[in-house]
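# Structural overview for review
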Amino acid sequence: MERESLEMDVVFVGAGPANLSSALHLARLIAEHDAAIGNGAREGRPLGDIQIAVIEKGATIGSHILSGAVMDPRGLAELIPDFVEQGAPLESPVNEDHFLYLTKKHAIRSPITPPPLKNHGYYIVSLNRLTAWLGEKCEEAGVNIFPEFPGADLLYDENDRVIGVRTGDKGIDKEGKQRANFEPGVDLLAKVTILGEGVRGSLTKKLVRRLGLDEGREPQVYSLGVKELWELPDDRYPVGRVTHTLGFPSDQWTYGGGWIYGMQNRVVNLGYVTGLDYRDPLIDPHAEFQRFKTHPFLAKLLSGGKMIRYGAKAIAAGGLHAMPRMFADGVLIVGDSAGFLNAARLKGIHSAIKSGMLAAQTIFEALLSDDFSAATLGTFETRVKESWITPELRRYRNFHAAFRHGRWLGMANAGLQYITGGRAWGILDRDHQEAGHEAMQKLSAYGYNGDASAQRYPELRFDGQLTFNKVTDVYHAAVSHDEDQPAHLHVLDTNICATRCAEEYGNPCQRFCPAAVYEMVDVAQTASVNPDGTETPRRQLQINFSNCVHCKTCDIMDPYQIINWVTPEGGGGPEYKGM
Ligand SMILES: Cc1cc2nc3c(=O)[nH]c(=O)nc-3n(C[C@H](O)[C@H](O)[C@H](O)COP(=O)(O)OP(=O)(O)OC[C@H]3O[C@@H](n4cnc5c(N)ncnc54)[C@H](O)[C@@H]3O)c2cc1C
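These remarks concern the structure in this document. (Residues numbered from 1 in each chain as written. Predicted model: local features only at pLDDT ≥ 70, side-chain atom pairs only at ≥ 80, totals over all residues. Heavy atoms only, no water.)

## Things to note about the packing of helix 8 (residues 349-369) against helix 10 (residues 379-386)
Helix-helix packing is described using two parameters, namely the angle between the two axes and the distance between the axes. Their axes nearest at 9 Å, the elements helix 8 and helix 10 cross at an angle of 140°. Relative to helix 10, the element helix 8 is oriented oblique. Note on packing geometry: the crossing formed by helix 8 with helix 10 is right-handed. Along the contact surface, helix 8 presents Ser355, Leu358, Ala359, Gln361, Thr362 and Glu365, while helix 10 presents Thr379, Phe380, Arg383 and Val384. Across the contact of helix 8 with helix 10, the residue classes tally to four nonpolar, four polar and two charged. (Axes fitted to C-alpha atoms, helices over the stretch in contact; angles between N-to-C directions. Helix = DSSP H or I, 4+ residues; strand = E, 2+ residues; numbered from the N terminus. Parallel < 35°, antiparallel > 145°, perpendicular 65-115°, else oblique. Left-handed = near helix turned anticlockwise from the far one by under 90°. Contact = heavy atoms within 4.5 Å. Nonpolar A, V, L, I, M, F, W, Y, C, P; charged D, E, K, R; others polar.)

## Brief notes about unusual backbone geometry
The residue after glycine 68, namely alanine 69, is reached through a cis peptide bond having omega 5°. Here phenylalanine 248 and proline 249 are connected by a cis peptide whose omega angle stands at 5°. Along the chain, the position of proline 249 falls in the loop between strand 17 (241-247) and strand 18 (256-262). Here the phi dihedral of arginine 200 falls at roughly 45°; this positive angle occurs in a residue that is not glycine. When you line up the elements, arginine 200 lands in the loop between strand 15 (192-195) and helix 4 (202-211). On the accessibility criterion, arginine 200 (15% relative accessible area) is buried. Even without being glycine, leucine 346 reaches a positive phi, approximately 45°. (Buried < 20%, exposed > 50% of the residue type's maximum accessible area, 1.4 Å probe, protein only.)

## Examining the nonpolar core
Residues Leu270 and Tyr518 are the most contacted members of the largest nonpolar core, which totals 86 residues. Broken down by element, this core gets its largest block of residues, seven residues, from strand 20 (residues 306-316). Those residues in contact with leucine 270 that lie beyond four places of it in its chain are Val226, Lys227, Glu228, Trp230, Trp259, Ile260, Phe289, Phe292, Lys293, Leu298 and Leu302. Membership of the second largest hydrophobic core comes to 82 residues, among which are Tyr123, Phe340, Leu358 and Ala359. (Core = buried A, V, L, I, M, F, W, Y, C linked by side-chain atoms within 4.5 Å.)

## A few points about the site of the ligand
Taken together, the neighbourhood of the ligand is formed by 39 residues, with Glu56, Ser67, Val70, Lys313 and Asp336 sitting nearest. Contact distances for the ligand include 2.9 Å between a nitrogen atom and a side-chain N or O atom of glutamate 197. Between an oxygen atom of the ligand and a main-chain N or O atom of isoleucine 349, the distance comes to 3.0 Å. Relative to its free-state accessible area of 1000 Å², the ligand is covered by the protein chains to the extent of 99%. Elements represented by at least two residues in the shell around the ligand include exactly helix 1 (17-38), strand 3 (52-56), strand 18, strand 20, helix 7 (335-338) and helix 8. By residue class, the composition of the shell around the ligand is 20 nonpolar, 13 polar and six charged. (Near = heavy atom within 4 Å. Polar contact = N/O pair within 3.5 Å; in protein donor to acceptor, adjacent residues only side chain to side chain. Areas by Shrake-Rupley, 256 points an atom, 1.4 Å probe, with all protein chains shown as cover.)

## Quick word on the sheet that holds strand 8 (residues 123-124)
Spatially, three strands are ordered 4-8-5 in an open sheet, and the strand pairing comes out antiparallel. In the strand order of this sheet, the two ends are held by strand 4 (70-71) and strand 5 (92-93), each with one partner. Pairing geometry for strand 5 and strand 8, over two bridges, is antiparallel. Residue serine 92 lies in a different strand from strand 8, and its bridge partner there is isoleucine 124. (Pairing = 2+ DSSP bridges.)

## Quick notes on the packing of helix 1 against helix 8
Running from N to C, helix 1 and helix 8 cross one another at 40°; their axes reach a closest spacing of 7 Å. Considered as vectors, helix 1 and helix 8 are oriented oblique to each other. In terms of crossing hand, the pair formed by helix 1 and helix 8 is right-handed. Note on element contacts: helix 8 touches helix 1 through Ala352, Ile353, Ser355, Gly356, Met357, Ala359, Ala360, Gln361, Ile363, Phe364, Leu367 and Leu368, opposite Pro17, Ala18, Ser21, Ser22, His25, Leu26, Leu29, Ile30 and His33. A per-class count over the contact of helix 1 with helix 8 returns 14 nonpolar, seven polar and no charged.

## Quick look at the side chain of glutamine 290
Within the element layout of this structure, glutamine 290 appears in helix 5 (residues 285-294). Apart from residues lying up to four places away in sequence, glutamine 290 is in contact with Glu228, Leu460, Phe462, Leu466, Thr467, Phe468 and Asp473.

## Side note on the state of the cysteines
This structure, assessed with the given rule, holds zero disulfides. As a non-bridged cysteine, cysteine 509 has cysteine 501 as the owner of its nearest cysteine sulfur, 6.1 Å distant. (Disulfide = S-S within 2.5 Å.)

## Side note on the pattern of salt bridges
Taken as a whole and judged by the stated rule, the model has 30 salt bridges. With a closest N to O distance of 2.6 Å, lysine 206 and aspartate 153 form a salt bridge. With a gap of 53 residues between them, lysine 206 in helix 4 and aspartate 153 in strand 10 (residues 151-156) connect regions that are remote in the sequence. Judged by relative accessible area, aspartate 153 falls into the partly exposed class, the value being 33%. Note that glutamate 392 and arginine 345 form a salt bridge whose closest N and O atoms lie 2.8 Å from each other. With glutamate 392 in helix 11 (residues 389-395) and arginine 345 in the loop between helix 7 and helix 8, the pair connects residues that are 47 residues apart, well separated along the chain. Each member of the pair, glutamate 392 as well as arginine 345, is classed as buried. Through salt bridges with shared partners, one network takes in Asp251, Asp280, Glu288 and Arg456. (Salt bridge = Lys/Arg side-chain N within 4 Å of Asp/Glu carboxyl O.)

Take a look at the structure:
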């Protein structure tokens, strides 16, 4: 197949805060440098017309961005010191911090807010709006931005040096044949490619495996945040109020917590985080969130209100020990793709921005020396180590791992870590952090006696007022994918689904996916025996890929690790507005 090749200098994959900050900072460094040479203030050669491109799989910049979000402004203030005056879309400064412990019936307000959750001086933002604004700033600075262009594959030379990215083909039908509107993806060639794909990046995953960038590091662990926006009938929850909760509905072996943020126009933004290292195979993070809302405190807050938006996305929670090497020949990894998020604070925007800026400085020097080798790009990690990011992450480096020992020991450890600068005590230190899916137990081991019809939420009803089923929620994520394309969720061995997985785990994909993508359906009344002696099971996996909200949970949580999330045709996915 003939493919067009376009020569760029620098290509960013993913238009999130990390990459947009990086592209903007780089464009400015180059412009300042050339101007300084032009007016004699600096010696050297001008860099001239450096072509910077950002590709994004979403239909618009920001459409796939979902966050909380309370933003620590430290990163943004370094990138754009007068961001307030320049009209950054901020919902509100944080005016109040509340921390609640929820029992089944009561909400107990803690007299003190745990230090990581103190948000004085921070802002409540809609990250998808803020990202769109950063995209405009990039365009003003001369960066080329291409929405609807998913990065489908990295391009390598014969020495495994990354030389660019291939964008996804358009117009392939569900049988894999070319349609009338077929357009092959483009090879964007670059001196350096920056992966800022957010959590569990599909290209990042392949790169890390291919080059062994995670050697000697702990496996990344994840959580899943499920979120809704609600319009309230009155001012009962003030704009600028931030509430975090612990306790109900999570059991003490499941990492989890809730948030409620007051936004403008009587909108509250609430969500629930469930650790994707849960043990009970019947846990359903979407159902956990729905249960969260049935707590009397939440039910009262939301009564008379209307749910207006839904979304879900994974969070990389492993911290410092789980970060891969972030450079190789011709490539850098920034933001959530590299695991810069601080899980104890549930904050990653500030460090995503900062990591992007540090990458920009690295690329700027590489452009000056015309050297894009790992040796030069490796100075990115030195910059990260010398910046404020590393002390922050060091302080919380053992935060998540300790929750494997249950909520109370996890909390005690979190407190101790804070006092001991991240050390905590030996026994709960970061011993053998396992990949999250390994924590999931089989139905027989977890006490369901292997009963695949067992239920964890027998009392949960979706009433369409306070609680919603997944299909209704997905409608509020405004998801769309052209249905006549191959599924972008590759299940590498579907034979396991109706046999081993059904018996061992009760097909947990139906539960951990927050968008009803995976469904076991009856295809016959009984299993049938084929002429070759193999059996066609009674049930089969159906993949409703057009529901997918791109949260990446299936790629992370499948117990057999046989689900591979790849980018669908450009522009498909959720349309997160105000999230
Ligand atoms: C539920 C939830 C709550 C959070 N709450 C907070 C909070 O309150 N405060 C805070 O500071 N942080 C919070 N975070 C974390 C914060 O949102 C992230 O740390 C931050 O968004 C990371 O920025 P990023 O640029 O690395 O990635 P992202 O914001 O994820 O952006 C990545 C972009 O890359 C695109 N992309 C991915 N793959 C490809 C590809 N192959 N080709 C083209 N485009 C691609 C995606 O569509 C997306 O637009 C929260 C996260 C979640 C999920």
